[in-house]
Amino acid sequence: MEIFGFPAGPFQTNCYVATGAVAMDGVDTPCVIIDPGYGAFDVVRAEVEKRGWKPEAILLTHGHIDHIRDVAEAAAHWDIPVMIHEADNFLLATPESGASTFGHLFDMASMSPYTQAEFYADGDEVKWAGLNVEVSHAPGHSPGCVMLRASDGADEVLFSGDVVFNGSVGRTDLPASSPEQMRLSLKNKVLTLPDELMILPGHGPTSTIGDERKNNPFLRNLD
Ligand SMILES: [Zn+2]
(Lines give C-alpha, C1' and ligand atoms only; values in the text may rest on other atoms or scores of the structure.)
Protein backbone atom coordinates (compact mmCIF):
# COMPACT_ATOMS: atom_id res chain seq x y z
CA MET A 1 0.00 0.00 0.00
CA GLU A 2 1.22 3.48 -0.76
CA ILE A 3 -0.09 6.44 1.22
CA PHE A 4 0.71 10.09 1.44
CA GLY A 5 -0.77 12.30 4.08
CA PHE A 6 -0.52 15.94 5.03
CA PRO A 7 -2.22 18.37 7.42
CA ALA A 8 -4.57 20.90 5.82
CA GLY A 9 -6.36 24.03 6.98
CA PRO A 10 -6.67 25.93 10.25
CA PHE A 11 -7.25 22.80 12.35
CA GLN A 12 -4.37 20.94 10.66
CA THR A 13 -6.67 18.12 9.59
CA ASN A 14 -4.88 15.14 8.08
CA CYS A 15 -5.83 14.34 4.50
CA TYR A 16 -4.62 11.01 3.13
CA VAL A 17 -4.34 9.61 -0.37
CA ALA A 18 -3.92 5.85 -0.60
CA THR A 19 -3.59 3.14 -3.21
CA GLY A 20 -3.30 -0.61 -3.12
CA ALA A 21 -3.01 -0.87 -6.87
CA VAL A 22 0.26 -2.01 -8.32
CA ALA A 23 1.40 0.51 -10.86
CA MET A 24 3.05 -1.16 -13.84
CA ASP A 25 3.70 2.04 -15.68
CA GLY A 26 2.95 4.78 -13.15
CA VAL A 27 0.10 6.12 -15.26
CA ASP A 28 -3.36 6.67 -13.82
CA THR A 29 -2.76 4.48 -10.77
CA PRO A 30 -6.15 4.50 -9.01
CA CYS A 31 -6.22 5.96 -5.50
CA VAL A 32 -8.69 7.16 -2.89
CA ILE A 33 -8.76 10.48 -1.05
CA ILE A 34 -9.65 10.46 2.63
CA ASP A 35 -10.94 13.65 4.27
CA PRO A 36 -9.98 16.50 1.92
CA GLY A 37 -10.17 19.52 4.24
CA TYR A 38 -9.50 23.19 3.54
CA GLY A 39 -6.68 23.58 1.02
CA ALA A 40 -6.34 19.84 0.49
CA PHE A 41 -7.66 19.87 -3.07
CA ASP A 42 -4.72 21.87 -4.44
CA VAL A 43 -2.16 19.73 -2.61
CA VAL A 44 -3.74 16.45 -3.71
CA ARG A 45 -4.06 17.58 -7.32
CA ALA A 46 -0.38 18.58 -7.53
CA GLU A 47 0.81 15.43 -5.80
CA VAL A 48 -1.27 12.91 -7.78
CA GLU A 49 -0.27 14.57 -11.05
CA LYS A 50 3.36 14.24 -10.06
CA ARG A 51 2.92 10.57 -9.11
CA GLY A 52 0.69 9.56 -12.02
CA TRP A 53 -2.17 8.66 -9.69
CA LYS A 54 -5.85 9.10 -10.45
CA PRO A 55 -8.40 9.49 -7.61
CA GLU A 56 -11.45 7.28 -8.02
CA ALA A 57 -13.37 8.00 -4.80
CA ILE A 58 -13.48 10.25 -1.74
CA LEU A 59 -14.01 8.45 1.55
CA LEU A 60 -15.00 10.50 4.60
CA THR A 61 -14.46 9.58 8.23
CA HIS A 62 -17.17 12.08 9.26
CA GLY A 63 -18.83 15.32 8.23
CA HIS A 64 -17.09 18.07 10.19
CA ILE A 65 -16.10 21.09 8.13
CA ASP A 66 -12.36 20.65 8.67
CA HIS A 67 -12.59 17.19 7.03
CA ILE A 68 -14.95 18.01 4.16
CA ARG A 69 -14.18 21.58 3.13
CA ASP A 70 -12.77 20.67 -0.32
CA VAL A 71 -15.03 17.66 -1.07
CA ALA A 72 -17.28 19.32 -3.63
CA GLU A 73 -14.36 20.82 -5.57
CA ALA A 74 -12.40 17.54 -5.60
CA ALA A 75 -15.43 15.41 -6.50
CA ALA A 76 -16.25 17.69 -9.42
CA HIS A 77 -12.66 17.91 -10.67
CA TRP A 78 -12.21 14.14 -10.94
CA ASP A 79 -15.92 13.32 -11.36
CA ILE A 80 -15.75 10.75 -8.57
CA PRO A 81 -18.17 9.51 -5.90
CA VAL A 82 -18.12 10.54 -2.25
CA MET A 83 -18.91 8.15 0.59
CA ILE A 84 -19.96 9.06 4.14
CA HIS A 85 -22.03 7.51 6.92
CA GLU A 86 -25.64 8.62 6.50
CA ALA A 87 -25.83 10.05 10.04
CA ASP A 88 -23.27 12.73 9.12
CA ASN A 89 -24.65 13.57 5.70
CA PHE A 90 -26.41 16.67 7.04
CA LEU A 91 -22.98 18.17 7.77
CA LEU A 92 -21.88 17.59 4.19
CA ALA A 93 -25.12 18.73 2.57
CA THR A 94 -25.60 21.76 4.85
CA PRO A 95 -22.10 22.55 6.17
CA GLU A 96 -23.24 25.73 7.92
CA SER A 97 -25.25 23.54 10.31
CA GLY A 98 -22.04 22.14 11.76
CA ALA A 99 -19.71 25.12 11.79
CA SER A 100 -21.67 28.22 12.70
CA THR A 101 -19.04 29.62 15.05
CA PHE A 102 -15.91 29.06 13.00
CA GLY A 103 -17.15 28.81 9.40
CA HIS A 104 -15.24 31.98 8.52
CA LEU A 105 -11.97 30.12 9.15
CA PHE A 106 -12.86 27.82 6.25
CA ASP A 107 -14.11 30.47 3.85
CA MET A 108 -17.48 28.76 3.77
CA ALA A 109 -18.90 31.60 1.69
CA SER A 110 -17.06 30.24 -1.35
CA MET A 111 -17.66 26.57 -0.55
CA SER A 112 -20.22 24.38 -2.29
CA PRO A 113 -22.26 21.93 -0.24
CA TYR A 114 -22.19 18.35 -1.52
CA THR A 115 -25.57 16.65 -1.76
CA GLN A 116 -24.94 13.46 -3.76
CA ALA A 117 -22.98 11.35 -1.31
CA GLU A 118 -23.31 7.59 -1.21
CA PHE A 119 -23.65 6.02 2.21
CA TYR A 120 -21.70 3.27 3.88
CA ALA A 121 -22.75 1.57 7.09
CA ASP A 122 -21.18 -0.39 9.90
CA GLY A 123 -19.62 -3.62 8.65
CA ASP A 124 -19.65 -2.66 5.00
CA GLU A 125 -16.63 -3.51 2.90
CA VAL A 126 -15.99 -1.23 -0.03
CA LYS A 127 -13.34 -1.80 -2.66
CA TRP A 128 -11.49 1.06 -4.29
CA ALA A 129 -8.02 1.46 -5.79
CA GLY A 130 -6.87 -2.04 -4.93
CA LEU A 131 -7.94 -1.61 -1.29
CA ASN A 132 -10.50 -3.48 0.72
CA VAL A 133 -11.93 -0.94 3.14
CA GLU A 134 -13.88 -2.16 6.15
CA VAL A 135 -16.24 0.41 7.65
CA SER A 136 -16.63 0.58 11.43
CA HIS A 137 -19.29 2.99 12.70
CA ALA A 138 -17.91 4.62 15.85
CA PRO A 139 -20.26 7.48 16.82
CA GLY A 140 -19.71 9.89 19.69
CA HIS A 141 -17.55 12.70 18.30
CA SER A 142 -20.24 13.00 15.65
CA PRO A 143 -23.24 10.73 14.96
CA GLY A 144 -21.77 9.37 11.72
CA CYS A 145 -18.12 8.89 12.63
CA VAL A 146 -16.54 5.88 10.99
CA MET A 147 -13.11 4.32 11.12
CA LEU A 148 -11.85 2.89 7.84
CA ARG A 149 -9.68 -0.22 8.00
CA ALA A 150 -7.92 -0.52 4.69
CA SER A 151 -5.96 -3.51 3.42
CA ASP A 152 -4.28 -4.33 0.13
CA GLY A 153 -3.62 -7.92 1.17
CA ALA A 154 -0.11 -7.10 2.39
CA ASP A 155 -0.42 -3.96 4.55
CA GLU A 156 -3.25 -2.84 6.74
CA VAL A 157 -3.96 0.58 8.29
CA LEU A 158 -6.78 2.23 10.20
CA PHE A 159 -7.94 5.68 9.15
CA SER A 160 -9.38 6.55 12.56
CA GLY A 161 -10.73 10.03 11.78
CA ASP A 162 -11.52 11.90 14.98
CA VAL A 163 -12.32 8.80 17.03
CA VAL A 164 -8.86 8.05 18.37
CA PHE A 165 -5.62 10.05 18.09
CA ASN A 166 -2.07 9.53 19.25
CA GLY A 167 -2.54 10.16 22.98
CA SER A 168 -6.08 11.50 22.82
CA VAL A 169 -9.59 11.00 21.47
CA GLY A 170 -12.10 13.16 19.60
CA ARG A 171 -13.91 15.81 21.58
CA THR A 172 -17.47 15.16 22.65
CA ASP A 173 -18.59 18.67 23.59
CA LEU A 174 -19.78 19.58 20.09
CA PRO A 175 -23.48 20.08 19.25
CA ALA A 176 -24.12 16.57 17.85
CA SER A 177 -21.58 14.77 20.07
CA SER A 178 -22.39 12.08 22.63
CA PRO A 179 -19.90 11.21 25.40
CA GLU A 180 -21.78 7.98 26.13
CA GLN A 181 -21.67 6.86 22.49
CA MET A 182 -17.98 7.74 22.40
CA ARG A 183 -17.33 5.58 25.46
CA LEU A 184 -19.02 2.63 23.76
CA SER A 185 -17.20 3.24 20.47
CA LEU A 186 -13.80 3.34 22.19
CA LYS A 187 -14.57 0.24 24.21
CA ASN A 188 -16.26 -1.88 21.54
CA LYS A 189 -14.76 -0.58 18.29
CA VAL A 190 -11.24 0.63 19.12
CA LEU A 191 -10.03 -1.58 21.96
CA THR A 192 -11.18 -4.72 20.13
CA LEU A 193 -8.70 -4.07 17.30
CA PRO A 194 -5.33 -5.85 17.12
CA ASP A 195 -2.29 -4.22 18.73
CA GLU A 196 -0.20 -4.21 15.57
CA LEU A 197 -2.74 -2.23 13.53
CA MET A 198 -1.35 1.15 12.47
CA ILE A 199 -3.49 4.21 13.17
CA LEU A 200 -3.58 7.14 10.75
CA PRO A 201 -5.67 9.68 12.64
CA GLY A 202 -7.58 12.78 11.58
CA HIS A 203 -5.20 15.02 13.52
CA GLY A 204 -1.64 14.63 14.75
CA PRO A 205 0.94 11.88 14.35
CA THR A 206 0.44 8.19 13.60
CA SER A 207 0.30 5.44 16.22
CA THR A 208 -0.72 1.83 16.67
CA ILE A 209 -3.61 0.27 18.56
CA GLY A 210 -1.10 -1.34 20.93
CA ASP A 211 0.59 1.98 21.75
CA GLU A 212 -2.76 3.64 22.39
CA ARG A 213 -3.98 0.73 24.48
CA LYS A 214 -0.88 1.18 26.63
CA ASN A 215 -0.42 4.95 26.72
CA ASN A 216 -3.68 6.72 25.87
CA PRO A 217 -5.31 7.91 29.13
CA PHE A 218 -8.72 8.19 27.43
CA LEU A 219 -8.79 4.47 26.74
CA ARG A 220 -8.64 3.55 30.40
CA ASN A 221 -11.59 2.91 32.69
CA LEU A 222 -14.17 2.71 29.95
CA ASP A 223 -16.45 0.27 31.79
ZN1 LIG B 1 -14.37 16.18 13.78
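What you see is a predicted model, and the numbers here were worked out from it, not measured in a lab.

Engineer: Quick question: what am I supposed to make of helix H5 (residues 179-190) here?
Structural biologist: Residues that lie three or four places apart on an α-helix share one face, since the helix turns once every 3.6 residues. Among the residues of H5, those classed as buried are Met182, Ser185, Leu186 and Val190. Projection of H5 onto a plane perpendicular to its axis shows the buried side chains occupying an angular sector of 95°, all on one side. In the core, the buried residues of H5 are packed alongside strand S9 (146-151), strand S11 (164-165), strand S12 (168-169) and helix H6 (209-215).

Engineer: Whenever I open this one, the coordination of the zinc ion confuses me. Can you help?
Structural biologist: For a metal bound by four donors in tetrahedral geometry, the ideal donor-metal-donor angle is 109.5 degrees, whereas six donors in octahedral geometry ideally sit at 90 or 180 degrees. The zinc ion binds to the protein through His62 (NE2), His64 (ND1), His141 (NE2) and Asp162 (OD); the donor distances cover 2.1 to 2.4 Å. Seen from the zinc ion, its 4 donor atoms lie at angles of 86 to 174°, and the figure they make is irregular. For the zinc ion, all donor residues lie on one chain, and their spacing in sequence is H-x1-H-x76-H-x20-D. Of the two residues, His64 sits in the loop between strand S4 (53-59) and helix H2 (65-68) while Asp162 sits in the loop between strand S10 (156-161) and S11, which places them 98 residues apart along the sequence. The same class applies to His64 and to Asp162, which are both buried.

Engineer: When you look at the nonpolar core in this model, what are you seeing that I'm missing?
Structural biologist: A general trend in soluble globular proteins is that nonpolar side chains are found buried together. Grouped together as the largest cluster of nonpolar side chains are 30 residues, with contacts concentrated most on Ile58 and Leu92. Within the residue set of this core, elements represented by two or more residues are strand S1 (2-8), strand S2 (13-19), strand S3 (29-34), helix H1 (40-51), S4, H2, helix H3 (71-78) and strand S5 (82-84). If you tally residues by element for this core, the top one is H3, at 5 residues. In terms of nonpolar packing, the next biggest core, distinct from the first, is built from 20 residues, Leu59, Val126, Ala129 and Val157 among them.

Engineer: How should I be thinking about the sheet that holds S9 in this particular structure?
Structural biologist: Strand pairing in a sheet takes place through backbone hydrogen bonds and is either antiparallel or parallel in direction. The 6 strands are arranged S7-S8-S9-S10-S13-S14 in an open sheet whose pairing can be described as mixed. What marks the edges here is a single partner per strand, and that holds for strand S7 (125-128) and strand S14 (207-208). Relative to strand S8 (residues 131-137), S7 is paired through 4 bridges, and the arrangement is antiparallel. The partner of Glu125 across the bridge, within S8, is Glu134.

Engineer: Help me understand H3 in this model?
Structural biologist: Looking at H3, one finds that the buried residues are Val71, Ala72, Ala74, Ala75 and Trp78. Here the buried residues of H3 occupy an arc of 165° about the axis, which is enough to place them on one side. Of the surrounding secondary structure, the elements contacted by the buried residues of H3 are S3, H1, S4, H2, S5 and helix H4 (89-93). Positioned one or two residues after H3, Asp79 has a phi angle of 55°, which is positive.

Engineer: Hey, could you run me through the sheet that holds S1 in this one?
Structural biologist: Strand order across the open sheet formed by 6 strands is S1-S2-S3-S4-S5-S6, with mixed pairing between neighbours. A strand with exactly one partner marks an edge of an open sheet, and here the two such strands are S1 and strand S6 (118-119). Note that S2 and S3 share 3 bridges and pair antiparallel. Paired with Ala18 across the strands is Val32, a residue of S3. Along the sheet, H1 makes contact with S1, S2, S3 and S4, crossing S1 at roughly 155°.

Scoring rules and cut-offs
- Residues numbered from 1 in each chain as written.
- Predicted model: local features only at pLDDT ≥ 70, side-chain atom pairs only at ≥ 80, totals over all residues.
- Heavy atoms only, no water.
- Buried < 20%, exposed > 50% of the residue type's maximum accessible area, 1.4 Å probe, protein only.
- Helix = DSSP H or I, 4+ residues; strand = E, 2+ residues; numbered from the N terminus.
- Arc of directions from axis to C-beta.
- Contact = heavy atoms within 4.5 Å.
- Donors = N, O, S within 2.8 Å, 3.2 Å for Na, K, Ca; no water.
- Tetrahedral: all angles 85-135°; square planar, octahedral: opposite > 155°, others 65-115°.
- Core = buried A, V, L, I, M, F, W, Y, C linked by side-chain atoms within 4.5 Å.
- Pairing = 2+ DSSP bridges.
- Axes fitted to C-alpha atoms, helices over the stretch in contact; angles between N-to-C directions.

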